[in-house]
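# Notes for the structure review
Next come the chains, spelled out residue by residue.
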Amino acid sequence: SMPANVAVVWSGFFNFLGVLLSSGAVAFGIVSLLPVELILQVGSSAGFAMVFALLIAAIIWNLGTWWLGLPASSSHTLIGSIIGVGIANALMRGRDGTSGVDWSKATEIGWALLLSPVVGFVCAGALLLLLKSIVRKPELYQEPKGQAAPPWWIRGLLVLTCTGVSFAHGSNDGQKGMGLIMLILIGTVPTSYALNRALPDSHVASFVAASQAASKVVEAKAAGYNVIGDPRPAVTAYVAQHAMNEGTYPSLAMLVRSIAEQIQTYGSVAKIPSASVGNTRNDMYLASEAIRFLMKDKENALAADEVKTLNAYKGQLDQATKFIPTWVKIAVAIALGLGTMIGWKRIVVTVGEKIGKQHLTYAQGASAELVAMGTIGAADMFGLPVSTTHVLSSGVAGTMAANGSGIQMATVRNLLMAWVLTLPCAILLSGGLYVLLRQIM
């Protein structure tokens, strides 16, 4: 449909746009998997060891699989790296390794990563069969003839669908880098990036109102108990271990009041003194995470109106702490776009030519791309990371199966091997690197 050099630049450009227009929900969904004690001390040696262990492990695995021409998942790699750091951190602190990870969030992300290739395979195959029954144009179901361009309407369809996949890929995969960059910035330049100083002064009124409503809910649960001293250790312990005791609600109530007092004292987030920014940000992050777990706690279930009130307050907290500056989006967008343009060929050859026993037809390509675009777009809306690689590869395999074109089992076996090995290898790599870096730092 396009010469290779034009197609690659086109795809890279829409990767760029996808990153630039993304919401950031996936970025902070991944960050929330990290151990809360490391997030709160991200500027310390432990925090830097965490970030560099994640980055180095992900880079080693992604470059290794790219060199072998295997479409491995950067999402799987990053999730595995986060789990590895969480387990290593828990073991180093004398706790059970399973306590180092938010397993409910990890399970939610795991299901998204596991089911998205199945959706790709089934839906792409079904879409191809539907297309065959509706559009009876034989040229749509033929493989390309040498270097000849397809008919204009097929060409338009393929350019449209591949543009959609490139945009969706950027909007989902780009956010993984954003989350890690924000952790680095919060740790190294907290004055500028720990809190969203772009929030208007008018934000204070809505924040205080949401704080007062949330305080009533939490204080009602805390009735009869008082907290003497610092409430943060009790709230941190709840977020880290997900175990509630009689001090959880009173400590959280005290923390909510403290945050509201800080904001009211200074008049806006932008006016919080540099020396206090890190502490205020940690308080907000801690309260937000505690509320997130409270709303999911089935043993101590909250009423629907209480959940609504706490969710509104959590939204106000997240506006101040979970933000991504435009320049970070641009930097990640450029990196992803350039990476596509430079490293495309090995993966393109595998996906396009080595999955089926026959050459990919126009209809098969369009079906796989439409399904990949829709699946990744849906995951974006729910803030879940999915693997573009796996969705698209399985979509191509689904169209081959539906078309009776046959599947090259050697390629599928290699893809499955990379899919199965990515998580454990990333866990071991990042966990080992974290322990090593902690010793060095």
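Conventions adopted
- Residues numbered from 1 in each chain as written.
- Predicted model: local features only at pLDDT ≥ 70, side-chain atom pairs only at ≥ 80, totals over all residues.
- Heavy atoms only, no water.
- Helix = DSSP H or I, 4+ residues; strand = E, 2+ residues; numbered from the N terminus.
- Buried < 20%, exposed > 50% of the residue type's maximum accessible area, 1.4 Å probe, protein only.
- Contact = heavy atoms within 4.5 Å.
- Areas by Shrake-Rupley, 256 points an atom, 1.4 Å probe, with all protein chains shown as cover.
- Lys, Arg positive; Asp, Glu negative; His and termini not counted.
- Charge placed at Lys NZ, Arg CZ, Asp CG, Glu CD.
- Core = buried A, V, L, I, M, F, W, Y, C linked by side-chain atoms within 4.5 Å.
- pLDDT = per-residue confidence, 0-100.
- Expected span 1.5 Å × (residues − 1).
- Salt bridge = Lys/Arg side-chain N within 4 Å of Asp/Glu carboxyl O.
- 1 Å grid on protein atoms, 1.4 Å probe; cavity = no way out; pocket = protein on both sides within 12 Å on 5 of 7 lines; lining within 4 Å.
- Points joined across faces, edges and corners; volume = space filled by probe spheres on them.
- Nonpolar A, V, L, I, M, F, W, Y, C, P; charged D, E, K, R; others polar.

Our focus in this paragraph is the overall build of the protein. Helix and strand content of the protein: 17 helices and 0 strands. With the C-alpha coordinates aligned to their principal axes, the bounding extent of the protein is approximately 80 × 45 × 40 Å. Burial statistics for the protein: of 441 residues in total, 51% are counted as buried. Long-range contacts, defined here as pairs at least 24 residues apart, represent 85% of the contacts in the protein between residues at least 6 apart. Roughly 19300 Å² of accessible area belongs to the protein as shown, and the carbon and sulfur atoms make up 66% of that amount. Treating the 29 positive side-chain charges of the protein as one cloud and the 22 negative ones as another, the clouds have centres 9 Å apart.

All right, on to the nonpolar core then. Of all hydrophobic cores here, the largest spans 75 residues; its most connected members are Met50, Leu183, Leu252, Tyr313 and Tyr434. The leading source of residues in this core is helix H12 (residues 274-296), at 9 residues. Not counting residues up to four positions away in its chain, the partners in contact with Leu183 are Val31, Leu34, Ile39, Val42, Met50 and Val51.

Our focus in this paragraph is the side chain of Thr248. Mapped onto the secondary structure, Thr248 falls in helix H11 (residues 248-266). Overall, Thr248 belongs to the buried group, its relative accessible area being 3%. Those residues in contact with Thr248, other than ones at most four positions away along the chain, are Tyr238 and Ala243.

Detailed reading of the predicted coordinates is not advisable wherever pLDDT falls low. Of all residues in the protein, 97% attain a pLDDT of 70 or more, and the chain-wide mean is 84. Here helix H3 (residues 36-40) stands out as the least confident element of the protein, with mean pLDDT 76; helix H13 (residues 304-321) is the most confident, with 90.

What follows deals with helix H9 (residues 203-221). Side chains of residues three or four places apart in an α-helix project in the same direction, reflecting 3.6 residues per turn. Between its first and last C-alpha, H9 extends 27 Å over 19 residues, near the 27 Å set by a 1.5 Å rise per residue. His203, Val204, Phe207, Val208, Ala210, Ser211, Ala214, Ser215, Val217 and Val218 are the residues of H9 that are buried. Residues of H9 that are buried in the fold lie against H11, H12 and H13.

Going through the model one piece at a time under the given rule, you end up with 8 salt bridges. Notably, a salt bridge pairs Lys221 with Glu306, separated by 3.5 Å at the nearest N-O pair. Of the two residues, Lys221 is situated in helix H9 and Glu306 in helix H13; the sequence distance between them amounts to 85 residues. With a relative accessible area of 34%, Lys221 lands in the partly exposed category. A salt bridge links Asp318 to Lys314; its shortest N-O distance comes to 2.8 Å. Of this pair, Asp318 and Lys314 both sit in helix H13, 4 residues apart, roughly one helical turn. The network of salt bridges with shared partners includes Glu289, Arg292, Lys314, Asp318 and Lys322.

This next bit is on the layout of surface pockets. The volume enclosed by the second largest pocket comes to roughly 540 Å³. Around the second largest pocket, the lining is made up of 22 residues, and of these Ala25, Phe28, Lys314, Asp318 and Lys322 lie nearest the centre. Mapped onto the lining of the second largest pocket, the elements with two or more residues apiece are helix H2 (25-31), helix H6 (103-134), H12 and H13. Class assignment for the residues of the lining of the second largest pocket results in 7 nonpolar, 7 polar and 8 charged.

Examined against the element boundaries, Gly164 turns out to sit in helix H7 (residues 152-188). You can call Gly164 buried: its relative accessible area is 12%. The spatial distance from the C-alpha of Gly164 to the C-alpha of Ala214 is 41 Å, given a sequence separation of 50 residues.

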